[in-house]
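Listed below, chain by chain, are the residues.
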Amino acid sequence: LKQLVRRDSQRPNFFLTVTSPTDPRVNLPRISEVLQQHASGALLTRFDESPETLEASFRVQFDSLAKLHSCSDQLRSLAQSVRVSYLEARGIGA
């Protein structure tokens, strides 16, 4: 039970999903580059690519809300069609 409520600053604090219709400006290396610039940690957990769509999911950690906003802005600037979604990952006691 202690593991569920103890705050662990080393664990990623968000699930991030980046989705886009296929576009040469939006690819895994460019997304990863943006994350390296803004996130203090990022781990790719899922990557789907088809002729129509790209979807990449990560566990990420940000040191501040400003860095999260900067990351989102830069990801969306890759192409107008990019969708960025965050889901809080810490759960109980975060």
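Right above here is the structure, for reference.
These numbers were taken from a predicted model, which means no experiment stands behind them.

Novice: Talk me through the sheet that holds strand β1 (residues 14-21); I want residue IDs and the actual numbers.
Specialist: If you walk across this open sheet you meet the four strands as β2-β3-β1-β4, and the pairing is antiparallel. Either end of the sheet is taken by a strand with one partner, and the two such strands are β2 (41-49) and β4 (83-88). Pairs of neighbouring strands in the sheet enclose a mean axial angle of 20 degrees, with direction left out of account. As judged from the six bridges shared by β1 and β4, these two strands associate in the antiparallel manner. Paired with phenylalanine 15 across the bridge in β4 is leucine 87.

Novice: If you had to explain the pairing of strand β3 (residues 53-61) to someone new, which residues and values would you point to?
Specialist: Residues in a regular strand point their side chains to alternate faces of the sheet. Across eight bridges, β1 lies against β3 in antiparallel orientation. Bridging across to β3, phenylalanine 15 finds its partner in arginine 59. Sheet topology note: the β2/β3 ladder contains eight bridges and is antiparallel. Across the sheet, the residue bridging to glycine 41 is glutamine 61, located in β3. Between β2 and β3, which follow one another and run antiparallel, lie three residues.

Novice: Can you explain helix α3 (residues 65-77)? Please cite residues and give values.
Specialist: In an α-helix, one turn spans 3.6 residues, which is why side chains three or four residues apart end up on the same side. The first and last C-alpha atoms of α3 sit 18 Å apart over 13 residues, in line with the 18 Å expected at 1.5 Å per residue. Three or more residues of α3 are buried, namely Leu68, Cys71, Ser72 and Leu75. Viewed along the axis of α3, the buried residues span an arc of 100 degrees, placing them on a single side of the element. Exposed and facing more than 90 degrees away from the buried side of α3 are Ala66 and Ser77. Those residues of α3 that are buried lie in contact with β1, α2 (28-38) and β4.

Conventions used here
- Per chain, residues are indexed from 1 in the order of the written sequence.
- Side-chain atom pairs in this predicted model are given and counted only at pLDDT of 80 or more, local residue features only at pLDDT of at least 70, and totals for whole chains, interfaces and linings cover all residues.
- Note that water and hydrogens are dropped before the side-chain values are worked out from all heavy atoms of the structure.
- Strands were regarded as paired on the criterion that DSSP finds at least two bridges between them.
- Here a strand is any run of E in DSSP of at least two residues, a helix any run of H or I of at least four, and the numbering for each starts at the N terminus.
- All axes are obtained by fitting lines to C-alpha atoms, using only the stretch in contact for helices, and the reported angles, taken between N-to-C directions, cover 0 to 180 degrees.
- Here a helix's expected span is defined as the number of its residues, less one, multiplied by 1.5 Å.
- Exposed residues in this analysis have more than 50% of their type's maximum accessible area, buried residues have under 20%, and partly exposed residues fall in between, with area computed by a 1.4 Å probe over protein chains only.
- The directions from the helix axis to the C-beta atoms are what the arc is built from.
- Any pair of residues with heavy atoms lying within 4.5 Å of one another is described as a contacting pair.

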